[in-house]
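Overview (structure and organization)
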Amino acid sequence: MKQLRAIRILMATLFALAIAACLLIGPQIHPMARAAWKSQIILSALAATSGAAFVWLLLTFLFGRIYCAGVCPIGSLSDGFSALFRKIDRKMGRKRVYSYREPTRLQLNILLVYLVCIVLGIGLVPLLLEPWNITRNILTPIRPDLADSTWGRLGFGAVIGIVAGVVSAVLLAAVSARRGRFFCTSVCPVGGALSLIGSRSVIHLEIDRDACDVCGICEEVCPAECVKVLDRTIDNSRCVRCFECGAACPREAIHYQMNRNMPLTPLFRRAKQRT
Ligand code: SF4
Ligand code: SF4
Ligand code: SF4
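As a starting point, this report considers the structure included with it. The numbering scheme is per chain: residues are counted from 1 as the chain's sequence reads. By the order in which they are written, chains take letters starting at A while ligands take numbers starting at 1. The predicted origin of the model limits local features to residues at a pLDDT of at least 70 and limits the giving and counting of side-chain atom pairs to 80 or more, whereas totals for whole chains, interfaces and linings rest on all residues. Side-chain descriptors were evaluated using all non-hydrogen atoms of the structure, hydrogens and water having been removed beforehand.

Looking at helix α10 (residues 145–152)
Defined as follows: The buried label goes to any residue with under 20% of its type's maximum accessible area, the exposed label to any with over 50%, and the partly exposed label to all in between, with areas taken from a 1.4 Å probe on protein chains only. The way it works is that DSSP assigns letters per residue, a run of H or I at least four long becomes a helix, a run of E at least two long becomes a strand, and they are numbered from the N terminus. As used here, the arc belongs to the directions running from the helix axis to the C-beta atoms. Should any heavy atoms of two residues lie within 4.5 Å, those residues are considered in contact.
If you check which residues of α10 are buried, you get Leu146, Ala147, Thr150 and Trp151. Seen along its axis, α10 keeps its buried residues to an arc of 90 degrees; they face one direction. Buried-residue contacts for α10 involve α1 (2–24), α8 (124–129), α9 (131–139) and α11 (158–179).

A look at the pattern of salt bridges
Just so we agree on the cut-off: The salt bridge definition used is simple: a Lys or Arg side-chain nitrogen within 4 Å of an Asp or Glu carboxyl oxygen.
In the structure shown here, the tally under the stated rule is 14 salt bridges. Residue Arg5 is joined to Glu244 by a salt bridge in which the shortest nitrogen-to-oxygen separation is 2.9 Å. Here the residue Arg5 occupies a position in helix α1, and Glu244 occupies one in helix α15 (residues 244–248), the gap between them amounting to 239 residues. The partner of Glu220 in a salt bridge is Lys95, with the nearest N and O atoms 3.6 Å apart. Taken as a pair, Glu220 in helix α14 (residues 217–221) and Lys95 in the loop between α6 (73–91) and α7 (106–120) lie far apart in primary sequence, 125 residues in all.

Details of the environment of Ser168
With respect to the element layout, Ser168 can be found in helix α11. Once the C-alpha coordinates of Ser168 and Leu205 are considered, the two residues, 37 residues apart in sequence, prove to be 31 Å apart. When residues no more than four places from it in sequence are discounted, the contact partners of Ser168 are Ile134 and Ile138.

Looking at the site of ligand 2
Keep this limit in mind: Definition of nearness: a residue and a molecule or strand are near each other if at least one heavy atom of the residue lies within 4 Å of the molecule or strand. Three residue categories are used. Nonpolar comprises Ala, Val, Leu, Ile, Met, Phe, Trp, Tyr, Cys and Pro, charged comprises Asp, Glu, Lys and Arg, and polar comprises the others, including Gly.
Of all residues adjacent to ligand 2, which total 14 residues, the nearest are Cys212, Cys215, Gly216, Cys218 and Cys249. A breakdown of the residues in the shell around ligand 2 according to their chemical character gives 11 nonpolar, 1 polar and 2 charged.

Section: the packing of aromatic side chains
Describing an aromatic ring pair means giving the distance of the ring centres and the angle of the ring planes. Counted only if it meets this: For this analysis, a ring pair means two rings from Phe, Tyr or Trp (six-membered ring only for Trp) whose centres lie within 6.5 Å, classed as stacked if their planes differ by under 30 degrees, edge-to-face if by over 60, and tilted for the remaining angles.
Under the defined criterion, the tally for this structure stands at 3 aromatic pairs. Geometrically, the ring pair formed by Trp56 and Tyr67 is edge-to-face, given 5.2 Å between the ring centres and 65 degrees between the ring planes. With Trp56 in helix α4 (residues 52–63) and Tyr67 in helix α5 (residues 66–70), the pair connects residues that are 11 residues apart, well separated along the chain. The exposure classification of Trp56 matches that of Tyr67, with both residues buried. Seen from their ring centres, Trp151 and Phe156 are 5.6 Å apart, and the 70 degrees between their planes marks the pair as edge-to-face. Judged by its relative accessible area of 2%, Trp151 falls in the buried class.

Digging into the nonpolar core
For clarity, the cut-off: To define a nonpolar core, start from buried Ala, Val, Leu, Ile, Met, Phe, Trp, Tyr and Cys residues and group those joined through side-chain atoms within 4.5 Å.
The biggest cluster of nonpolar side chains holds 36 residues, and the ones touching the most others in it are Trp56, Tyr67, Ile74 and Phe183. Ignoring sequence-local partners within four residues, the contact set of Phe183 consists of Ile74, Gln107, Leu129, Ile134, Leu172, Val175 and Cys188. Listed in part, the 16 residues of the second largest apolar core include Leu205, Phe243, Cys245 and Ala253.

Quick notes on the site of ligand 3
Taken together, 13 residues surround ligand 3, and among them Cys222, Cys239, Cys242, Phe243 and Cys245 come closest. Residues of the shell around ligand 3, tallied by class, amount to 12 nonpolar, no polar and 1 charged.

Focus: the packing of α4 against helix α13 (residues 189–198)
For clarity, the cut-off: Orientation is described by lines fitted to C-alpha atoms, with helices fitted over the stretch in contact, and by angles between N-to-C directions that extend from 0 to 180 degrees. Should an angle fall under 35 degrees it is called roughly parallel, over 145 degrees roughly antiparallel, and 65 to 115 degrees roughly perpendicular, with every other angle called oblique. In a left-handed crossing the near helix is turned counterclockwise from the far helix by less than a right angle, and in a right-handed crossing that turn is clockwise.
Closest axis-to-axis distance for the α4/α13 pair is 8 Å, and the angle between their directions is 45 degrees. By the angle between their axes, α4 is oblique relative to α13. Where α4 crosses over α13, the handedness of that crossing is right-handed. Where α4 approaches α13, its residues Leu57, Thr60 and Phe61 are matched on the opposing element by Leu194, Ile197 and Gly198. Here the contact of α4 with α13 is composed, by residue class, of 4 nonpolar, 2 polar and no charged.

Some details on the state of the cysteines
Our working rule: Whenever a pair of cysteine sulfur atoms sits within 2.5 Å, that pair is classed as a disulfide.
Tallied over the entire structure, the rule returns 0 disulfides. The cysteine Cys22 is free of any disulfide, with Cys72 supplying the nearest cysteine sulfur at 14 Å. Taking relative accessible area as the criterion, Cys22 reaches 6% and is therefore assigned buried.

Brief notes about the side chain of Thr60
In this fold, Thr60 is placed in helix α4. Look at Thr60 and you get buried, because its relative accessible area is 0%. With sequence-adjacent residues up to four places away left out, Thr60 is seen in contact with Arg65, Leu194, Ile197, Gly198 and Ser201.

Topic: a nonpolar patch on the surface
Threshold: Each patch is built from residues lacking any salt bridge and having more than 30% relative accessible area; the joining distance is 9 Å for like charges and 5 Å for nonpolar side chains (Val, Leu, Ile, Met, Phe, Trp, Tyr). Only the protein chains shown count as cover for residues, and the accessible areas themselves come from Shrake-Rupley with a 1.4 Å probe.
On the surface, a nonpolar cluster with roughly 790 Å² of combined accessible area is contributed by Val116, Val119, Leu120, Ile122, Leu124, Leu128, Leu154, Phe156 and Ile160. Per element, the largest residue contribution to the nonpolar patch is 3 residues, and it comes from α7. Relative to the helices and strands, Ile122 is located in the loop between α7 and α8. With a relative accessible area of 40%, Ile122 lands in the partly exposed category.

In structure tokens, the structure reads:
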């Protein structure tokens, strides 16, 4: 699990740098910038630049929300903000931990509103909620022409776009500091759609109920607040496949596997010991 976590962090760093280079300089800067740009779900789904959206839906069905793990720039930015604030907390002698929260219907309701706005041609909502547009908005203070081509086209003017970018960055930082991937698990419409597919992904995370000693570490490090230690369950629909839980578990009790874990009955345990 530590290797999966390391691969995810490397992937997230490369994609975030490539997307920033693509937006600030242009996709011609490096093949990786072009690839990162073309692999964004929203661009692919709305502009039909490639079949990337379909590939991501299939990969989500197989592996869960790996797009959210290391490809989406907003997910990586949220992780970056969380890490920064946790470091500051440690320096000040404070310990910030996550804890399990029950799922709500907020994200699915936002997804519904988002889809209605797309159908009705209301551009403001996608401009404020889509991860790709949020990334562009956040970069507008450095490149105001990015705001021209989106906010300007809708008749708002670049200044509104820059304000929206600054507000988005501040809100994302504040939310990430306290609640980790809250935006990804409760607001983002793309995340809402992926969670519907990823909830029963073929390969998913499970806690081995016999190995786990309920120490609680996995719940404390889960930025998606989806590990319920008391029940020894993981809500795979909200899990963003960061693999922090598995890497932190001292008993290696968290597995990325195909079969669903069942609690071992005492009878079955005895039979297992005899074999
Ligand atoms: S939930 Fe949305 S913002 Fe978060 S990583 Fe996934 S696509 Fe990006
Ligand atoms: S960190 Fe491992 S041992 Fe501790 S509660 Fe989580 S799964 Fe169980
Ligand atoms: S359960 Fe939480 S910590 Fe574990 S991989 Fe999923 S999001 Fe990350």
